[in-house]
Amino acid sequence: MIAKIKEMFHTFSYVVTGVVFMCALFLTAFNQNGIIHIQLLWQILFTSFLCVMGNLIYPQRKVARWQVIVRRLLHYLYVNAVVFGCARAFWWFDVADLEKTGFLFLEIAVVFVVVSWLVWHKSKALTDLLNDHLEKYQNKMPKE
């Protein structure tokens, strides 16, 4: 469970970073008056936290490849629901505006793919390190 919490903290930092970049891009493209409210920072943190809660869909044990694909799809849909739900709840923009909605869909996809890759890459590096240490340990043991 501790490993899952650590992973979620790492993921949270990745998500917040990605969201800040995408928020800056979105505001540059669509916020002509250049004014943002301080509440937006808290809303970004809250939305990112809710998005990271989607990581709970992944078990700590190995599962079949089709289950991983289904869970990733469900996680992506969950993230979209959270972001668009928060966009509506916090009045970020009118979700009926197709240009902004399409832009937000694209931003969600980019952040989701990048964060997924970063988490996967970090997990793979840890797995490789553990396997290397295990191999060294096994090679030091006397042969029977």
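Provided above is the structure to which this section pertains.
Residues numbered from 1 in each chain as written. Predicted model: local features only at pLDDT ≥ 70, side-chain atom pairs only at ≥ 80, totals over all residues. Heavy atoms only, no water.

Chemist: Hey, could you run me through the environment of Ser123 in this one?
Modeler: Structurally, the position occupied by Ser123 is in helix H4 (residues 98-140). Taking C-alpha positions, Ser123 is 11 Å from His10, a pair spaced 113 residues apart along the chain. (Helix = DSSP H or I, 4+ residues; strand = E, 2+ residues; numbered from the N terminus.)

Chemist: Just checking my understanding: could you explain the packing of helix H1 (residues 2-30) against helix H2 (residues 39-52) for this structure?
Modeler: When two helices pack together, their arrangement is given by the angle between the helix axes and by the axis-to-axis distance. Contact geometry of H1 with H2 gives a least axis separation of 9 Å together with a crossing angle of 135°. On the basis of the axis angle, H1 is oblique to H2. Regarding H1 and H2, the two cross each other, and that crossing is right-handed. Contact with H1, carried on its side by Met8, Thr11, Phe12, Val15, Val16, Val19, Val20, Cys23 and Leu27, involves Leu40, Ile44, Leu45, Ser48, Phe49 and Val52 of H2 and no other residues of that element. (Axes fitted to C-alpha atoms, helices over the stretch in contact; angles between N-to-C directions. Parallel < 35°, antiparallel > 145°, perpendicular 65-115°, else oblique. Left-handed = near helix turned anticlockwise from the far one by under 90°. Contact = heavy atoms within 4.5 Å.)

Chemist: What is the right way to look at H1 in this model?
Modeler: One full turn of an α-helix is made of 3.6 residues, so residues set three or four places apart face in the same direction. The end-to-end C-alpha separation of H1 is 41 Å, in line with the 42 Å expected for 29 residues at 1.5 Å each. Within H1, burial applies to Lys4, Met8, Thr11, Val15, Val16, Gly18, Met22, Cys23, Phe26 and Phe30. (Expected span 1.5 Å × (residues − 1). Buried < 20%, exposed > 50% of the residue type's maximum accessible area, 1.4 Å probe, protein only.)

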